[in-house]
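Chain by chain, the residues run as shown.
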Amino acid sequence: MKYPSSLLSSLSVALLLGETTALPAPQNQNNAAGNEGLVAGPPGASGELRGPASLRGYNPSNPLTQETTVIPTSDFELAPGQSEDADVGLYLDLSSVRNPQPIRGSTDAPTDPGPRTEAYDRLNSDLFAPPGTDKGDVPNAKWPMGISHNRQGLRSAGWARQQNVNELPVATAMAGVDMRLEPNAYRELHWHKQNEWALMLNGSVRIASMDEDGQSFVDDLQAGDVWFFPAGKPHSIQAFENGCEFLLVFDDGKFSEDGTFLVSELFARNPRSVLAKNFRTDLQALEKIPDEQLYIFPGTPAPQNISEQNVTGPAGSIPVVDSYSYHLSAQEPYRVPGGTVKIIDPKSFPIASNFAAALFEIEPGAMRELHWHTTSDEWSFFISGQGRVTVFDAPESSRTFDFSAGDVGYVPVPDSHYIENTGNETLVYLEVLLAPVYNDISVAQWLGLTPSQIVKDHLNVDDAFIDKLPRTKQFILPGDKNLLQTDFNDEPL
Ligand SMILES: *[C@@H]1O[C@H](CO)[C@@H](O)[C@H](O)[C@H]1NC(C)=O
Ligand SMILES: *[C@@H]1O[C@H](CO)[C@@H](O)[C@H](O)[C@H]1NC(C)=O
Ligand SMILES: *[C@@H]1O[C@H](CO)[C@@H](O)[C@H](O)[C@H]1NC(C)=O
Ligand SMILES: *[C@@H]1O[C@H](CO)[C@@H](O)[C@H](O)[C@H]1NC(C)=O
């Protein structure tokens, strides 16, 4: 039988002190640590590891030091809008105010003397000083890729960082990966259980794949283009001479980049004699196969002429209608006041039969209108700029999150939300749904298509409000860049 070492040391304390009582040994009142002589400290150590019993509970010989935690108003600055009514909930730009405080509305609202990391508070002003309308318990909807582990490729060939349910527990339906390949580097030949939808973020790449019928596929993509590899189909990804970065989205929140089926492991994990038989060769031919995963590794430059890498068998190529790529960078965006959107779903990209995405560009001060999705969670990625999102969940919770480039957002179905550009540059972000068609319910259109008597009876609004309700989907609504505007009466819808 084995005793835990802590029990054994208590036993030796009892023996040393000549005690006969049952374990554990009572703490010696005079010896602060209760284990003097047993713990040999390193050279230079001093003091006791534990304090004396006299510190337990109330004791008049333990007076308080009455240090102030009050921060004088002269010691901090308020951002524009910070003293407005909390329910108005203006965006608070804390990026450059001195000693930002979690204040909304009245200036005798609470301050934060610390401990704190100001950089987080400045980046998350809607968590730090929430709008008065935020309420209750909404699961965290934000994961910055900047605090994901960055898995390094071999010999500086690139890196990959991911968000899955481990990082963002609410994100059960989808997971994402941000991957960098240095010039000519590969993401190793592999396959996986999940479907993979990808958006090129920078640079250019050659991708290739094949299917069960022996039809092959190869294409070259650049920033703004999309690819899709169906579950189980093996694929290759190689950066061109200027390198690349891309975003992968998987239809399973538990997906992990570290759990894919790699060709190097396939070879390493089968008997060499079986490999020799399978590939009609001798053992010697297998002597130099990799003995560790390649994952991301340097490559020789791909020939620029794609025809040289168009390997086809008798089954030919994957037909264009089922193509694994879509050159979204060349699609004309749909323009509305306040921004643009490009939709890509199975109507234009049929192979990605369960992925519906929208790439939005929202001008400063404008916002993606209040809406929800009827059948799918939303996984989103912020590509440039910054914005905020309030997630409303039934019956009575809402929470506002701030996002900037490199952040993942996640809104469970059918929670309502909007995305307001809170910065000075165009906000570019991607919405991904698991749906056969991109769809949403616009709150404004819903009320516009509801008889006005019903809307008035519910919301106590006047005719001017009713007259502005649209009957079409707006997608984006323009706004003032300074974000302090609260009256849009003069603007026709
Ligand atoms: C691509 O990378 C280059 C080099 O860092 C950078 O200047 C450029 O802004 C990036 N492009 C995009 C679309 O992010
Ligand atoms: C590859 O070859 C096939 C014909 O075998 C052709 O249909 C297809 O367009 C080619 N693909 C590329 C990328 O050149
Ligand atoms: C590209 O490669 C194909 C196949 O090897 C060849 O027929 C064609 O001439 C090449 N094109 C150019 C522009 O070199
Ligand atoms: C936007 O620009 C204004 C004026 O230059 C500046 O004060 C503010 O901090 C900027 N806001 C952000 C979020 O960058």
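Residue numbers restart at each chain and count upward from 1, following the sequence in its written direction. Throughout, the order in which chains and ligands are written sets their labels, letters from A for the former and numbers from 1 for the latter. Note on the predicted model: pLDDT of at least 70 is required for a residue's local features to be given, and 80 or more for side-chain atom pairs to be given and counted; whole-chain, interface and lining totals, by contrast, use all residues. For side-chain calculations, the full set of non-hydrogen atoms in the structure is used, while hydrogens and water are omitted.

(A) Representation of the site of ligand 4. We define proximity as follows: a residue is near a molecule or strand when any one of its heavy atoms falls within 4 Å of that partner. In the vicinity of ligand 4, the contacting residues are Asp 93, Ser 95, Gln 386, Thr 422 and Asn 424. N or O atoms within 3.5 Å of each other form a polar contact, as long as, within protein, one can give a hydrogen and the other can take it, and as long as residues adjacent in sequence are counted only when both atoms are side-chain atoms. Taking Asp 93, its side chain carries an N or O atom lying 2.9 Å from a nitrogen atom of ligand 4. At a separation of 2.2 Å, an oxygen atom of ligand 4 approaches a polar side-chain atom of Asn 424. Per-residue and other accessible areas were derived by the Shrake-Rupley procedure at a 1.4 Å probe size, with only the shown protein chains allowed to occlude residues. When ligand 4 sits alone it has 360 Å² of accessible area, and the protein chains cover 46% of it. Gly is put with the polar residues, along with every residue not named as nonpolar or charged; the nonpolar set is Ala, Val, Leu, Ile, Met, Phe, Trp, Tyr, Cys and Pro, and the charged set is Asp, Glu, Lys and Arg. Looking at the shell around ligand 4 residue by residue, the class counts come to no nonpolar, four polar and one charged.

(B) Main features of the packing of aromatic side chains. What counts as a ring pair is set by centres within 6.5 Å for rings of Phe, Tyr and Trp (its six-membered ring), and what kind of pair is set by the plane angle: stacked under 30 degrees, edge-to-face over 60, tilted for all other angles. Scanning the entire structure with this criterion turns up 17 aromatic pairs. Centroid distance Trp 227 to Phe 229: 6.0 Å. Interplanar angle 40°. Geometry classified as tilted. For each residue, the accessible area found with a 1.4 Å probe, counting protein chains only, is set against the maximum for its type, and the residue is called buried under 20%, exposed over 50%, and partly exposed in between. Residue Trp 227 is classed as buried on the basis of its relative accessible area of 0%. Classification of Phe 229 by relative accessible area gives buried; the value is 0%. Measuring from ring centre to ring centre gives 3.5 Å for Phe 250 and Phe 255, while their planes differ by 10°; the resulting arrangement is stacked. You'll find Phe 250 and Phe 255 in the same group, each marked buried. An aromatic cluster is present here, built from Phe 217, Trp 227, Phe 229, Phe 246 and Tyr 324 joined pairwise through their rings. Distance and angle both matter: a charge sits over a ring if NZ of Lys or CZ of Arg is within 6 Å of the ring centre and within 35 degrees of the ring normal. One cation-aromatic arrangement involves Lys 142 over Phe 403; the distance from NZ or CZ to the ring centre is 6.0 Å.

(C) Just the domain arrangement of the protein, in detail. Source of the domain bounds: an automatic or database domain assignment. Taken as a whole, the protein is organised into domain 1 (92–129), domain 2 (144–326) and domain 3 (331–477). When each unit is reduced to the centre of its C-alpha atoms, the spacing between domain 1 and domain 3 is 28 Å. By the convention used here, residues are in contact when the closest approach between their heavy atoms is within 4.5 Å. Across the contact, six residues belong to domain 1 and six residues belong to domain 3. Between domain 1 and domain 3, a total of about 450 Å² is buried, with carbon and sulfur atoms accounting for 41% of that surface. For salt bridges, the criterion is a side-chain nitrogen of Lys or Arg within 4 Å of an Asp or Glu carboxyl oxygen. Our enumeration of links across domain 1 and domain 3 arrives at one salt bridge. Here the quantity called buried area is the accessible surface, traced with a 1.4 Å probe, that two parts lose on coming together, added over both.

(D) How the structure looks around unusual backbone geometry. For the bond running from Gly 114 to Pro 115, omega is 5°, close enough to zero to count as cis. The way it works is that DSSP assigns letters per residue, a run of H or I at least four long becomes a helix, a run of E at least two long becomes a strand, and they are numbered from the N terminus. Note that Pro 115 resides in the loop between α1 (5–16) and α2 (118–123). The omega torsion across Val 413 and Pro 414 is -10°, close enough to zero to call that bond cis. Positionally, Pro 414 belongs in the loop between β20 (407–411) and β21 (417–421). At Asn 184, a residue that is not glycine, the phi angle is positive and equals roughly 65°. Positionally, Asn 184 belongs in the loop between β4 (175–181) and β5 (186–191).

(E) Expanded view of the UniProt feature "domain: Cupin type-1" (unreviewed entry) in the protein. Those residues carrying the UniProt feature "domain: Cupin type-1" (unreviewed entry) are residues 145–287 and 326–467 in this numbering. The span residues 145–287 is 9% helix and 45% strand, and its two end C-alpha atoms sit 39 Å from each other. Helix makes up 13% of residues 326–467 and strand 46%, whereas the separation of the span's terminal C-alpha atoms amounts to 41 Å. UniProt positions are given in the numbering used here, feature names are shortened, and annotations may be inferred rather than shown by experiment.

(F) The nonpolar core, seen in detail. In these notes, a set of buried Ala, Val, Leu, Ile, Met, Phe, Trp, Tyr and Cys residues joined through side-chain atoms within 4.5 Å is what counts as a nonpolar core. If you look at the biggest cluster of nonpolar residues, it comprises 53 residues, and the most contacted ones within it are Met 179, Leu 181, Trp 197, Trp 227, Phe 246, Trp 379 and Val 432. Top element by residues in this core is strand β9 (residues 235–250). It accounts for eight residues. If you count residues domain by domain, this core takes at least three from each of domain 2 (144–326) and domain 3 (331–477). Setting aside anything within four residues of it in sequence, one finds Leu 181 in contact with Ala 157, Gly 158, Tyr 186, Arg 187, Ile 237, Ala 239, Gly 243, Cys 244, Phe 246 and Ile 296. Grouped together as the second largest cluster of nonpolar side chains are 23 residues, Ala 141, Val 336, Phe 403 and Leu 433 included.

(G) The pairing of β5, seen in detail. Bridge count between β5 and β9: three bridges; the pairing is antiparallel. Across the sheet, the residue bridging to His 190 is His 235, located in β9. As judged from the two bridges shared by β5 and strand β11 (residues 296–297), these two strands associate in the antiparallel manner. For Arg 187, the partnering residue across the bridge sits in β11 and is Ile 296. Direction of pairing for β5 relative to strand β10 (residues 261–262): antiparallel, over a ladder of two bridges. Looking across to β10, one finds that His 190 is bridged to Leu 262. The rule for pairing is simple: two strands pair if DSSP sees at least two bridges between them.

(H) Layout of the environment of Val 432. Residue position: Val 432 is located in strand β22 (residues 427–433). In this structure the C-alpha to C-alpha distance between Val 432 and Ser 380, which are 52 residues apart in sequence, comes to 5.9 Å. Excluding residues within four positions of it along the chain, Val 432 makes contact with Met 174, Trp 197, Val 249, Phe 355, Ala 356, Ala 357, Asp 377, Glu 378 and Trp 379.

(I) Focus on the pairing of strand β3 (residues 158–163). Across the six residues of β3, five count as buried, placing the element largely inside the fold. Where strand β2 (residues 151–152) hands over to β3, the hairpin turn is made up of five residues, of which Arg 155 adopts a positive phi near 45°. Pairing geometry for β3 and β4, over six bridges, is antiparallel. Paired with Ala 160 across the strands is Met 179, a residue of β4.

(J) Representation of the sheet that holds strand β17 (residues 378–384). Within the open sheet, the seven strands sit side by side as β1-β20-β17-β22-β15-β14-β13. Their pairing is antiparallel. Sheet topology places β1 (142–144) and β13 (334–336) at the edges, where each strand pairs with a single neighbour. Geometrically, the sheet is characterised by an average inter-axis angle of 20° between neighbouring strands, direction not taken into account. Inspection of the sheet shows β17 paired to β20 by four bridges, in the antiparallel sense. Across the sheet, Ser 380 pairs through a bridge with Gly 409, a residue of β20. The axes used here are C-alpha line fits, helices contributing only the stretch in contact, and every angle between their N-to-C directions lies in the interval 0 to 180 degrees.

(K) Structural view of the pattern of salt bridges. Following the criterion strictly, the structure yields 22 salt bridges and no others. The closest approach of N and O atoms between Arg 161 and Asp 178, which form a salt bridge, is 3.1 Å. In this pair, Arg 161 sits in strand β3 while Asp 178 sits in strand β4, placing the two residues 17 residues apart along the sequence. A salt bridge links Glu 431 to Arg 368; the nearest nitrogen and oxygen atoms lie 3.0 Å apart. One end of the pair, Glu 431, is in strand β22; the other, Arg 368, is in strand β16 (residues 367–372), and 63 residues separate them in sequence. Per residue, the accessibility class of Glu 431 equals that of Arg 368, and both read buried. Ionic contacts of the salt-bridge type, sharing partners, join the residues Arg 104, Asp 126, Arg 388 and Glu 420 into one network.

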